[in-house]
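Chain by chain, the residues run as shown.
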Amino acid sequence: MPLYQRPGSPYWQYSFTLHGVRFRGSTGETDKRKAKLVEGDRHHEAKQRKTHKEPWRIRDCFGAYWSEHAKFKRSDKFVERNLAELSRILGPDTMIADLTNADIMDYRAKRRGDVQKRGKSMQAHTVNRDLNCLRAALNHANQMHGQPIPALAWKRLKVDEPPGRKRFLSQKEYRRLLDVSDPGLQKIIIFAVATGLRKSNVLKLDWSEVDLASAQVTVTVKGDKLHMVRLTPQLRAMLAMTRERNGRVFDAKNFRKRWDKAVVDAKLEDFHFHDL
């Protein structure tokens, strides 16, 4: 089936095989007629692309990964930046099959050195995200195009990251935070505490994702996966009081300013929204 829709997604997906290689991804279109045009473009691009019999360079590998997969992800801008840095330092004409562990260690050193020249420090997780992106691009070239890739020691190449930060809100702090917050911010805080959802999911929550009858909310989380959260009776009653149920559920206007003021007024130290 060249065009299809995944359950819960409004976008048409394409899937076709050319010269024994399978191409698939999202068209980014909700209209089937427009999706067919995108599919046609992808098919034409695939015909122009090098076959798996020709060894690929970094530019070929990253180009295929970007156009066939990464550009359709929610994290496309983040991946695009990572690919640009990887290509700049590793070299766009470097053969992917020739990459060695030493090359990756040199990349880590140069990447950190470039950041330090700007008077900044690079966190360990930033380097590891770069390596994750490189690994994903290489795997795509191998699995989707039959390109040989090197057996790199990914676990040993990753930089040790410091232990995660832990901060929990006490009941007294929670009450103080609610007391100094405006009514709209109170709803956001109560919802975040009860559901455990990330800030982006809470602030961008749309009424189309809320089912008051079934007392549940369905949002898209990391990896473009659907995640369902049950509404407590308190949350259900709070949301049911809203008459206009179109667009965003919560008032996020000037959120950062309102949030920072509430944290200061509540006298909370070292506290982030994620800590809710």
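Here the structure is shown first, and the text comes after it.
Caption draft 1: Local environment of the pairing of strand β2 (residues 12-18). With respect to burial, β2 is a largely interior element, six of its seven residues being buried. Inspection of the sheet shows strand β1 (residues 3-5) paired to β2 by three bridges, in the antiparallel sense. Within β2, the position partnered with Q5 by the bridge is W12. Where β1 folds back onto β2 in an antiparallel hairpin, the turn is made up of six residues, including G8, whose phi is positive at roughly 85 degrees.

Caption draft 2: How the structure looks around the packing of helix α7 (residues 171-179) against helix α8 (residues 183-195). α8 packs onto α7 with a crossing angle of 150 degrees between their chain directions and a minimal axis gap of 9 Å. In this view, α7 runs roughly antiparallel relative to α8, as classed from their interaxial angle. Remark: the crossing between α7 and α8 carries right-handed chirality. Together, Y174, L177 and L178 of α7 and Q186, I189, I190 and V193 of α8 make up the contact between the two elements.

Caption draft 3: Examining the layout of surface pockets more closely. Of the pockets and cavities examined, the largest pocket occupies roughly 1300 Å³. What lines the largest pocket is a set of 32 residues, and nearest its centre among them are R74, R198, S200, V221 and K222. If you list the elements that add at least two residues to the lining of the largest pocket, you get α3 (76-90), α5 (124-145), α9 (199-203) and β5 (216-221). Considered as a void within the structure, the second largest pocket measures approximately 870 Å³ in volume. Around the second largest pocket, the lining is made up of 27 residues, and of these R6, Q13, S26, K73 and D224 lie nearest the centre. For the lining of the second largest pocket, the secondary structure elements donating two or more residues are β3 (21-26), α2 (58-68), α5 and β6 (225-230). Considering every element that reaches the lining of the second largest pocket, the biggest residue donor is α5, with five residues. Residues of the lining of the second largest pocket, tallied by class, amount to eight nonpolar, twelve polar and seven charged.

The rules behind each value
Residues numbered from 1 in each chain as written. Predicted model: local features only at pLDDT ≥ 70, side-chain atom pairs only at ≥ 80, totals over all residues. Heavy atoms only, no water. Buried < 20%, exposed > 50% of the residue type's maximum accessible area, 1.4 Å probe, protein only. Helix = DSSP H or I, 4+ residues; strand = E, 2+ residues; numbered from the N terminus. Pairing = 2+ DSSP bridges. Axes fitted to C-alpha atoms, helices over the stretch in contact; angles between N-to-C directions. Parallel < 35°, antiparallel > 145°, perpendicular 65-115°, else oblique. Left-handed = near helix turned anticlockwise from the far one by under 90°. Contact = heavy atoms within 4.5 Å. 1 Å grid on protein atoms, 1.4 Å probe; cavity = no way out; pocket = protein on both sides within 12 Å on 5 of 7 lines; lining within 4 Å. Points joined across faces, edges and corners; volume = space filled by probe spheres on them. Nonpolar A, V, L, I, M, F, W, Y, C, P; charged D, E, K, R; others polar.

Just geometry here; none of it tells us what the structure is for.
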